[in-house]
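Chains, contacts and geometry: an overview
Take a look at the letters that make up each chain.
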Amino acid sequence: MSSRASYEAKAEAEFAEVQSQLAAIAARAKKAVAATQAKGERLITAAQSKHDEALHRFELLKRASEESWSAVKTTFEIAWAELRHALGKQE
């Protein structure tokens, strides 16, 4: 085999190896993206649930009588803190 043919064969084999490596990297990246997306969706669902609970507690707070306002305020503040925590904001 000539030097040129040998060189081209070696380069072709190396390209095949690189293509294999790129495919493996792409597969790992796709898996990582899917896992991250699933985690993000779980976080969003949890935060939405906390939002809904805090909103419900706020509506109860707005309708609370003077006698029950302080107790309802406490439950609202707990729900609000849980929502802020779910959003990553510590108070």
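Let us look at the structure shown here. Computed from a prediction, not measured in an experiment: that's the story for all the values here. (Residues numbered from 1 in each chain as written. Predicted model: local features only at pLDDT ≥ 70, side-chain atom pairs only at ≥ 80, totals over all residues. Heavy atoms only, no water.)

Let us look at the overall build of the chain. Check the secondary structure of the chain and you find two helices and zero strands. By the compact-globule yardstick of 12 Å for 91 residues, the chain is too spread out, its C-alpha radius of gyration being 29 Å. The C-alpha extent of the chain, read off along each of the three principal axes, is 95 × 20 × 10 Å. In the chain, which comprises 91 residues, the share counted as buried stands at 9%. Just so you have it, the chain exposes about 7600 Å², and 59% of that area is on carbon and sulfur atoms. Each charge class in the chain can be summarised by its mean position, and for the 14 positive and 13 negative side chains these summaries are 3 Å apart. (Helix = DSSP H or I, 4+ residues; strand = E, 2+ residues; numbered from the N terminus. Rg over C-alpha atoms; globule rule 2.2 N^0.38 Å. Buried < 20%, exposed > 50% of the residue type's maximum accessible area, 1.4 Å probe, protein only. Areas by Shrake-Rupley, 256 points an atom, 1.4 Å probe, with all protein chains shown as cover. Lys, Arg positive; Asp, Glu negative; His and termini not counted. Charge placed at Lys NZ, Arg CZ, Asp CG, Glu CD.)

At a minimum axis separation of 8 Å, helix H1 (residues 3–63) and helix H2 (residues 69–86) run at an interaxial angle of 160°. Classified by the angle between their axes, H1 and H2 sit roughly antiparallel to one another. Seen along the crossing, H1 lies across H2 with a hand that is left-handed. Packed against H1, whose contacting residues are Ala47, Lys50, His51, Glu53, Ala54, Arg57, Phe58, Leu60 and Leu61, the element H2 presents Trp69, Val72, Lys73, Thr75, Phe76, Ala79, Trp80, Glu82, Leu83 and Ala86 at the interface. (Axes fitted to C-alpha atoms, helices over the stretch in contact; angles between N-to-C directions. Parallel < 35°, antiparallel > 145°, perpendicular 65-115°, else oblique. Left-handed = near helix turned anticlockwise from the far one by under 90°. Contact = heavy atoms within 4.5 Å.)

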